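# Coordinates in review
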Amino acid sequence: MNAFELSQHVAARLEEDGLDYAIGGALALTAWAIPRDTNDVDISVFASEPALPRVIDALERAGVMIDRTDAAKSVRRIGMFTGRAGRTLVDVFLSTHPHFIEMHRRRRQLSYPSGPPLWFLSAEDLCVMKLLYGRTKDIADLERMFSALTLDLSYIRTWLAKMIPDADRRLSLLDDLERRFPPRA
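Because the structure is a prediction, the values reported are computed rather than measured. (Residues numbered from 1 in each chain as written. Predicted model: local features only at pLDDT ≥ 70, side-chain atom pairs only at ≥ 80, totals over all residues. Heavy atoms only, no water.)

## Quick look at the layout of surface pockets
We count it as follows: Cavity and pocket criteria rest on a 1 Å grid covering protein atoms alone: a 1.4 Å probe that fits but cannot get out defines a cavity, protein on both sides within 12 Å along at least 5 of 7 lines defines an open pocket, and an atom within 4 Å of a point defines a lining residue. Grid points are joined across faces, edges and corners, and a volume is the space filled by probe spheres set on the points. What counts as a helix is a DSSP run of H or I of at least four residues, what counts as a strand is a run of E of at least two, and both are numbered from the N terminus. All residues other than Ala, Val, Leu, Ile, Met, Phe, Trp, Tyr, Cys, Pro, Asp, Glu, Lys and Arg, Gly among them, are scored as polar; the first ten of these are nonpolar and the last four charged.
By volume, the largest pocket amounts to about 590 Å³. For the largest pocket, the lining is made up of 32 residues, of which Asp 42, Ser 44, Phe 93, Met 129 and Tyr 133 are closest to its centre. At the level of secondary structure, the elements contributing two or more residues to the lining of the largest pocket comprise strand S1 (21-23), helix H2 (25-31), strand S2 (40-45), strand S4 (88-93), helix H5 (98-106), helix H6 (123-133) and helix H7 (136-148). Per-element tally for the lining of the largest pocket: the top contributor is H6, with five residues. A breakdown of the residues in the lining of the largest pocket according to their chemical character gives 16 nonpolar, eight polar and eight charged.

Here it is in structure tokens:
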């Protein structure tokens, strides 16, 4: 099962249990019509820490192997944990951070080129996350997003400014992206 198929399977199990979610990362890029291959699934589950056992139950029914003790420790420490389905990593994010709450409110139902509608991070929230991580592949993804989509730059800048220091290089990166890919009229 590839990452696209696995994300559909995971989403179906979360929906069965009434757990809201949004797919992120390269899979969300593909849903936003900017295809990029990937070997992992990034998924935000909008549930509190006490719901973690329900989240893990749903993921396990989808075939994701998880060390429950390690997952609980990781969620308490960094707001995420990783499972595995075959060779595919599944990064699961749970948080009560205000941006995470806003991500839940702004998620969008989209489809891959084939398959049922699923919930994905908004393009702007995906940009915020990619700016925060700032890896080489994230910067390349951002360039593709800025060139292809009309984005709410004010929203992106507001959340980025709330989460990082004023002199941070990621704000300079956002400035550079805005300069190189001006919004379309």
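Moving on from the model shown.
## Section: the packing of aromatic side chains
To keep it simple, the criterion reads: Aromatic pairs are defined between Phe, Tyr and Trp rings, using the six-membered ring for Trp, whenever the two ring centres lie within 6.5 Å; interplanar angles under 30 degrees are classed as stacked, those over 60 as edge-to-face, and all others as tilted. Exposed residues in this analysis have more than 50% of their type's maximum accessible area, buried residues have under 20%, and partly exposed residues fall in between, with area computed by a 1.4 Å probe over protein chains only. Either the NZ atom of lysine or the CZ atom of arginine qualifies as a charge over a ring when it sits within 6 Å of the ring centre and within 35 degrees of the ring normal.
Counted under the stated rule, the structure contains three aromatic pairs. For the pair Phe 4 and Tyr 112, a centre-to-centre distance of 5.1 Å together with 85° between the ring planes defines the contact as edge-to-face. Placement of Phe 4 in helix H1 (residues 3-16) and of Tyr 112 in the loop between strand S5 (108-110) and strand S6 (118-120) is noted, with a sequence separation of 108 residues between them. On the accessibility criterion, Phe 4 (22% relative accessible area) is partly exposed. Measuring from centroid to centroid gives 5.3 Å for Tyr 112 and Phe 120, while their planes differ by 75°, and the two rings are edge-to-face. Considered together, Tyr 112 and Phe 120 belong to a single accessibility category, that of buried residues. Counting every residue linked through ring pairs, the aromatic cluster contains Phe 4, Tyr 112 and Phe 120. A cation over an aromatic ring shows up here: Arg 135 above the ring of Tyr 133, its NZ or CZ 5.1 Å from the ring centre. The ring centre of Trp 159 lies 4.3 Å from the NZ or CZ of Lys 162, which sits over that ring.

## Some words on the side chain of Asp 125
Definition in use: Contacts described as polar in this section are N or O atom pairs within 3.5 Å, which, within protein, must combine one atom able to donate a hydrogen with one able to accept it, while residues neighboring in sequence count only if both atoms come from side chains. Contacts are residue-level and defined by heavy atoms, with any inter-residue pair within 4.5 Å sufficient.
Here Asp 125 lies in helix H6. Overall, the relative accessible area of 0% leaves Asp 125 in the buried class. A polar atom in the side chain of Asp 125 sits 2.8 Å from the side chain of His 99. At 2.5 Å, the side chain of Asp 125 and the side chain of Tyr 155 are in polar contact. When residues no more than four places from it in sequence are discounted, the contact partners of Asp 125 are His 99, Glu 102, Met 103, Arg 106 and Tyr 155.

## A closer look at the environment of Met 65
Take Met 65: it is sitting in the loop between helix H3 (52-61) and helix H4 (68-78). Separated by 21 residues in the primary sequence, Met 65 and Ser 44 place their C-alpha atoms 17 Å from one another. Dropping the residues within four chain positions of it, Met 65 is found in contact with Gly 83 and Arg 84.

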